[in-house]
Amino acid sequence: MFTTDGIPIEPFHLRRERAEGFFDAEGNYVEYRLEQEGDAWLDSLADGPVVLEPALAARLAAEAGSIGSTGSTAAAAAAAVPLDEDDVAIYKKRIIGMLLPGE
């Protein structure tokens, strides 16, 4: 590696590039996908039921107008019920429907 003004510059090595990928018919370099990278956020969804924090539940309820004039955090905590497996599955399907290929 060469360094110019603190910026590392890696020289082009055709043999190594061909070992790590290939050039398609249009001359674009396509890298081989040897390992599928995991998605920490997506993997965490399988950890268990989703529960909203009381402060977040209170804010969302206030925005929706479902909390009365008291605005107590006890009402917000009561509204923060864990989702069952069917609800989580529905939300996952909605999220997957919004993702683009490769995301």
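None of the values given here were measured: they were computed from a predicted structure. (Residues numbered from 1 in each chain as written. Predicted model: local features only at pLDDT ≥ 70, side-chain atom pairs only at ≥ 80, totals over all residues. Heavy atoms only, no water.)

Participant: How would you explain the overall build of the protein chain if you had to name every residue and give the values?
Facilitator: On a plain count of helices and strands, the protein chain comes out with five helices and four strands. In the protein chain, the order of α-helices and β-strands from amino to carboxyl end is β-β-α-β-β-α-α-α-α. Looking at the protein chain as a whole, 10% of its 103 residues are labelled buried. For the protein chain, the share of sequence-separated contacts (at least 6 apart) that also reach a separation of at least 24 residues comes to 24%. With the model as given, the accessible surface of the protein chain reaches about 9,000 Å², and the carbon-plus-sulfur share is 57%. (Helix = DSSP H or I, 4+ residues; strand = E, 2+ residues; numbered from the N terminus. Buried < 20%, exposed > 50% of the residue type's maximum accessible area, 1.4 Å probe, protein only. Contact = heavy atoms within 4.5 Å. Areas by Shrake-Rupley, 256 points an atom, 1.4 Å probe, with all protein chains shown as cover.)

Participant: Help me get a handle on the side chain of E17, residues and values and all.
Facilitator: For E17, the position within the fold is in helix α1 (residues 14-20). The residues contacting E17, other than those within four sequence positions of it, are F12 and Y29.

Participant: Lay out the packing of aromatic side chains in plain terms, naming residues and giving numbers.
Facilitator: Across all of its chains, the model carries two aromatic pairs by this definition. Ring plane angle 35 degrees and centroid distance 5.7 Å describe the contact between F22 and Y32, whose orientation is recorded as tilted. Separated by 10 residues along the polypeptide, F22 in strand β3 (residues 21-23) and Y32 in the loop between β4 (29-31) and α2 (40-44) bring together distant segments of the chain. (Phe/Tyr/Trp six-rings, centres within 6.5 Å; stacked < 30°, edge-to-face > 60°.)

Participant: How would you explain the pattern of salt bridges if you had to name every residue and give the values?
Facilitator: Counting across every chain of the model gives three salt bridges. One salt bridge in this structure joins E63 and R59, with 3.8 Å as the shortest N-O distance. With a gap of four residues between them, E63 and R59 both fall in helix α3 (residues 54-64), about one helical turn apart. Look at E63 and you get exposed, because its relative accessible area is 58%. Connected through salt bridges with shared partners, the residues R16, E17 and E20 form a single ionic network. (Salt bridge = Lys/Arg side-chain N within 4 Å of Asp/Glu carboxyl O.)

Participant: Requested: an account of helix α5 (residues 85-98), with residues and values cited.
Facilitator: Taking 1.5 Å per residue, 14 residues should reach 20 Å; α5 reaches 20 Å between its end C-alpha atoms and fits that length. Little of α5 is tucked away, with one of its 14 residues classed as buried. (Expected span 1.5 Å × (residues − 1).)

Participant: Any chance you could break down a negative patch on the surface for me, citing the residues and the numbers?
Facilitator: On the surface, D84, E85, D86 and D87 cluster together into a patch of negative charge. Here D86 is to be found in helix α5. (Patch = residues over 30% accessible without salt bridge, like charges linked within 9 Å, V, L, I, M, F, W, Y side chains within 5 Å. Lys, Arg positive; Asp, Glu negative; His and termini not counted. Charge placed at Lys NZ, Arg CZ, Asp CG, Glu CD.)

Participant: Any details on the confidence of the model for the protein chain? Residues and values, ideally.
Facilitator: For the protein chain, per-residue confidence averages 77 on the pLDDT scale, and 81% of positions sit at 70 or higher. At the low end of the mean pLDDT range in the protein chain sits helix α4 (residues 73-79), at 58; at the high end sits α5, at 88. (pLDDT = per-residue confidence, 0-100.)

Participant: I'd like a description of a nonpolar patch on the surface, backed by residues and values.
Facilitator: A cluster of nonpolar side chains, namely F12, L14, F23 and Y29, defines an oily patch on the protein surface of about 380 Å² accessible area. Tracing the sequence through the fold places L14 in helix α1. The class for L14 is partly exposed, based on a relative accessible area of 38%.

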